[in-house]
Amino acid sequence: MIVGGGAAGLSAALMLARARYTVVVVDSGEPRNATATHMHGFLTRDGMPPGDLLVAGRAEVRQYGVEFVTGVATAVSASGEGVRVEVVDSGTIHGRRLLVATGLTDDLPELPGLAERWGRDVLNCPFCHGWEVRDQIIGVLSTTPMSMHQAMLFRQWSAQLRFLPHTGPTLTDSEVEELTARDIAIIPGEVAALQIANDRLTGVRMRTGEVVELQALVCGPRFSARGDLLAPLGLTPTAHPSGIGDYIATDATGRTAVPGVWAAGNVADPAKQLIGAAAMGAEVAAAMIDDLISEEVRGAVDARRAASGSR
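None of these values were measured; they are calculated from a predicted model.

Participant: Sorry if this is basic, but what is going on with the packing of helix H5 (residues 147-154) against helix H6 (residues 173-181) here?
Facilitator: Taken N-terminus to C-terminus, the directions of H5 and H6 make an angle of 15°; their axes are 11 Å apart at the nearest point. Here H6 runs roughly parallel to H5, going by the angle between their axes. The hand of the H5/H6 crossing is left-handed. In contact with Met148, Ala151 and Met152 of H5, H6 contributes Glu175, Glu178 and Leu179. Each residue belonging to the contact of H5 with H6 can be placed in one class, and the counts come to four nonpolar, no polar and two charged.

Participant: Whenever I open this one, the packing of helix H1 (residues 7-18) against helix H2 (residues 50-62) confuses me. Can you help?
Facilitator: The description of two packed helices rests on the angle between their axes and on the distance between the axes. Put simply, H1 and H2 touch, their axes get as near as 10 Å, and they point 15° apart. Overall, the two elements H1 and H2 adopt an arrangement that is roughly parallel. Crossing handedness for the pair H1 and H2: left-handed. Counting all contacts with H1, which are made through Ala7, Leu10, Ala13 and Leu14, the residues of H2 involved are Leu54, Gly57, Arg58, Glu60 and Val61.

Procedures and definitions
Residues numbered from 1 in each chain as written. Predicted model: local features only at pLDDT ≥ 70, side-chain atom pairs only at ≥ 80, totals over all residues. Heavy atoms only, no water. Axes fitted to C-alpha atoms, helices over the stretch in contact; angles between N-to-C directions. Helix = DSSP H or I, 4+ residues; strand = E, 2+ residues; numbered from the N terminus. Parallel < 35°, antiparallel > 145°, perpendicular 65-115°, else oblique. Left-handed = near helix turned anticlockwise from the far one by under 90°. Contact = heavy atoms within 4.5 Å. Nonpolar A, V, L, I, M, F, W, Y, C, P; charged D, E, K, R; others polar.

Purely geometric numbers; function is a separate question.
Have a look at this one:
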């Protein structure tokens, strides 16, 4: 069973189905990148609408017999016989293994106009959207310890950067020196709201009333793992070392602390881009296949010994 039908979940489904396992994908139909018009950095798919990738991926894995269940998975339970998943309006689904690829939620700062522009001209990842806002006037809204890092990254795409300390950590003397050395203007004070005209971001209004002209705004959200369904197993999100949010901890193969339960994609690594999440899904699926085969070998040996009366 796979919960989550995004890039990680579909890649895992492809690997598992091609290994001749029966695969069921439970998906709520609420992808994280639904607001984005295009995806980038995905070789052979650069510029494709993210929804088109999911449509193509579903069609591809269906050729191998993968079944899809549309619904919200609410809870998971485990036993010696496998794992059970409760799905709203679809009842209980039972399987030998579970892969959770539910992704994460972007918890945005409460700022008037910001959520409505998310994925359009309010951005987070320079590798995903930097090229599209190259040479524009870009503001970096400081809300987390990663905001300085974002400013230094986006400077690669534009020389017209404005750093807005807002409610973020107080800048150190060395950080001020770094921003100044890179010709990044520091705009003191808090932002009150976004300025929109003709359905485009034109700037931000400070609490002082001053309007700072901008064409794009960079904002680092807090990443919250979509892992509530795992709570009955005692699996709860862990704070990420970088301070960007939380995730479901796994070992290097994607195995969680609960036998039979695995995780891949942004729910297990919030820093993964789309292509990285897809790759992670395939890698974790390969580890699951190895685990399943090992179990089957042990079962075959035990059955042979029982039949022959040997130990």
